[in-house]
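Read off the chains here:
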Amino acid sequence: AQKVTQAQTEISVVEKEDVTLDCVYETRDTTYYLFWYKQPPSGELVFLIRRNSFDEQNEISGRYSWNFQKSTSSFNFTITASQVVDSAVYFCALVRIYGGSQGNLIFGKGTKLSVKP
Amino acid sequence: DAGVIQSPRHEVTEMGQEVTLRCKPISGHDYLFWYRQTMMRGLELLIYFNNNVPIDDSGMPEDRFSAKMPNASFSTLKIQPSEPRDSAVYFCASTPEGLIGTQYFGPGTRLLVL
């Protein structure tokens, strides 16, 4: 079975600090996709990044960076120089591919990030 | 494009009443998903469709829940009769065939069953 674990329930940092959100996943599939979504206080779910199981390159987008390591089944998310607007719940998720079709997102429980001024 | 549209945004009803949630996916998207978010269970899949055909409804709690997708631009999730434990935020999401897993979510419907 597939599973996504976000061990950090809540994190609180002061503005400009760097923060890393951890994500560990379980799957027996060789082909899968990993995601991070953001849910700000307003409640909508916002897509941040997608990574497939064959691409272990790290990615940087502005203050955001992602570290994917298949050896440890981890897909961690780092925010550099955090800002108050980064305050949100962040979800890591997994999609399995089977029979040439895609399945649903399997979400972790989320990490609530609070960035204080 | 307007994005995924859900209605109503908020619904308050009494136990035993029928509730219908509606979703209009992004035009051209082949997959439509219904998720439910609660504090206890987090975000969980209820059902999803591919080209209007239900693929996996294993997440539908019980017979009180039903979902339909009569055409590519409309889906409904119905709860009859509703119970207080159905109180949650219900999200609809869609994605095109070629963009695996990158689901675009609607704003959600916040349901409160008294």
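Higher on the page you've got the structure.
Residue numbers here run from 1 along each chain, matching the order of that chain's written sequence. Chains and ligands are labelled sequentially in the order written, the chains with letters from A and the ligands with numbers from 1. Confidence filtering applies because this is a predicted model: local features only for residues at pLDDT of at least 70, side-chain atom pairs given and counted only at 80 or more, and all residues used for totals across whole chains, interfaces and linings. Only hydrogens and water are set aside; all other atoms, that is, all heavy atoms of the structure, feed into the side-chain values.

J.: Tell me what's going on with the overall build of chain A, and back it up with residues and numbers.
T.: A count of helical and extended segments in chain A gives zero helices and 12 strands. For chain A, whose C-alpha radius of gyration is 14 Å, the value lies close to the compact-globule estimate of 13 Å for 117 residues. When burial is assessed residue by residue, chain A has 45% of its 117 residues classed as buried. Considering only contacts in chain A between residues 6 or more positions apart, those separated by 24 or more positions represent 55%. Lys and Arg are tallied as positive, Asp and Glu as negative. Neither His nor the chain termini are counted. Charged groups are reduced to one reference atom each: NZ for lysine, CZ for arginine, CG for aspartic acid, CD for glutamic acid. Put simply, chain A has 12 plus and 12 minus side-chain charges, and the middle of one group is 5 Å from the middle of the other. The way it works is that DSSP assigns letters per residue, a run of H or I at least four long becomes a helix, a run of E at least two long becomes a strand, and they are numbered from the N terminus. The atom set for the radius of gyration is the C-alpha atoms, and the globule formula is 2.2 Å times the number of residues raised to the power 0.38. Under the scheme applied here, a residue whose accessible area is under 20% of the maximum for its type counts as buried, over 50% as exposed, and between as partly exposed, the area being computed with a 1.4 Å probe on protein chains only. Contacts: residue pairs with any heavy atoms within 4.5 Å of one another.

J.: Residues and numbers for a nonpolar patch on the surface, please.
T.: Patch criteria: residues need more than 30% relative accessible area and no salt bridge. Like-charged residues are merged within 9 Å; nonpolar side chains of Val, Leu, Ile, Met, Phe, Trp and Tyr are merged within 5 Å. The Shrake-Rupley method, run with a 1.4 Å probe, gives the accessible areas here. Residue values count only the displayed protein chains as cover. Any carboxyl oxygen of Asp or Glu within 4 Å of a side-chain nitrogen of Lys or Arg constitutes a salt bridge here. The grouping of Tyr-98 of chain A together with Val-53 and Ile-55 of chain B at the surface amounts to a nonpolar patch, some 250 Å² of accessible area in total. Locating Tyr-98 of chain A in the fold gives a position in strand 10 (residues 88-98).

J.: A description of the interface of chain B and chain A should follow, citing residues and the corresponding values.
T.: The interface is formed by 21 residues belonging to chain B together with 20 residues belonging to chain A. Accessible area that two parts lose when put together, with a 1.4 Å probe and added across both, is what the buried area reports. Summed over both partners, the interface of chain B with chain A comes to about 1700 Å²; 55% of that surface belongs to carbon and sulfur atoms. Looking only at chain B, the three residues that lose the most surface to chain A are Leu-43, Ile-100 and Phe-105 of chain B, adding up to 33% of its buried area. Linking chain B with chain A are zero salt bridges, by the criterion used here.

J.: Talk me through the packing of aromatic side chains; I want residue IDs and the actual numbers.
T.: Residues and elements named next belong to chain A. Each aromatic pair joins two rings of Phe, Tyr and Trp (for Trp, the six-membered one) with centres within 6.5 Å, and gets the label stacked for planes under 30 degrees apart, edge-to-face for over 60, and tilted for any other angle. The tally for this structure, following the rule as stated, stands at 22 aromatic pairs over all chains. Measuring from ring centre to ring centre gives 6.3 Å for Phe-35 and Tyr-37, while their planes differ by 35°; the resulting arrangement is tilted. Each member of the pair, Phe-35 as well as Tyr-37, is classed as buried. Look at Tyr-37 and Phe-107: their rings are 6.1 Å apart centre to centre, the planes differ by 65°, and that puts the pair in the edge-to-face class. Of the two residues, Tyr-37 is situated in strand 5 (residues 32-39) and Phe-107 in strand 11 (residues 101-107); the sequence distance between them amounts to 70 residues. A residue is classified by how much of its surface remains accessible, and Phe-107, at 9% relative accessible area, is buried.

J.: Please provide a residue-by-residue account of the sheet that holds strand 1 (residues 5-7) of chain B, values included.
T.: Residues and elements named next belong to chain B. For two strands to be treated as a pair, DSSP must find at least two bridges joining them. Here we have four strands laid out as an open sheet, ordered 1-3-8-7, and antiparallel in their pairing. In the strand order of this sheet, the two ends are held by strand 1 and strand 7 (65-71), each with one partner. Each strand of the sheet is rotated relative to its neighbour by a mean of 15°, with strand direction disregarded. Of the pairings in the sheet, the one linking strand 1 to strand 3 (residues 19-24) comprises three bridges and is antiparallel in character. In the sheet register, Gln-6 faces strand 3, and the bridge partner there is Cys-23. Note on geometry: axes are lines fitted to C-alpha atoms, helical ones only across the stretch in contact, with angles between N-to-C directions running from 0 to 180 degrees.

J.: Any details on the nonpolar core? Residues and values, ideally.
T.: Residues and elements named next belong to chain A. To qualify as a nonpolar core, a set must consist of buried Ala, Val, Leu, Ile, Met, Phe, Trp, Tyr and Cys residues joined through side-chain atoms within 4.5 Å. Residues Trp-36, Phe-75, Phe-77, Tyr-90 and Leu-113 are the most contacted members of the largest nonpolar core, which totals 23 residues. Among the elements of the structure, strand 2 (10-14), strand 3 (19-21), strand 5, strand 8 (64-69), strand 9 (74-79), strand 10 and strand 12 (111-116) are those that each provide at least two residues to this core. Examining the composition of this core, we find that four residues originate from one element, strand 10, more than from any other. The contacts of Leu-113, once residues within four sequence positions are left out, are Ile-11, Val-13, Val-19, Ile-79, Asp-86, Ser-87, Ala-88 and Tyr-90.

J.: Tell me about the pairing of strand 7 of chain B, and please be specific about residues and values.
T.: All names here are of chain B. Judged from the five bridges that link them, strand 7 and strand 8 (residues 74-79) form a sheet pairing that is antiparallel. If you follow Phe-65 over to strand 8, its bridge partner there is Ile-79. Between strand 7 and strand 8, which follow one another and run antiparallel, lie two residues.

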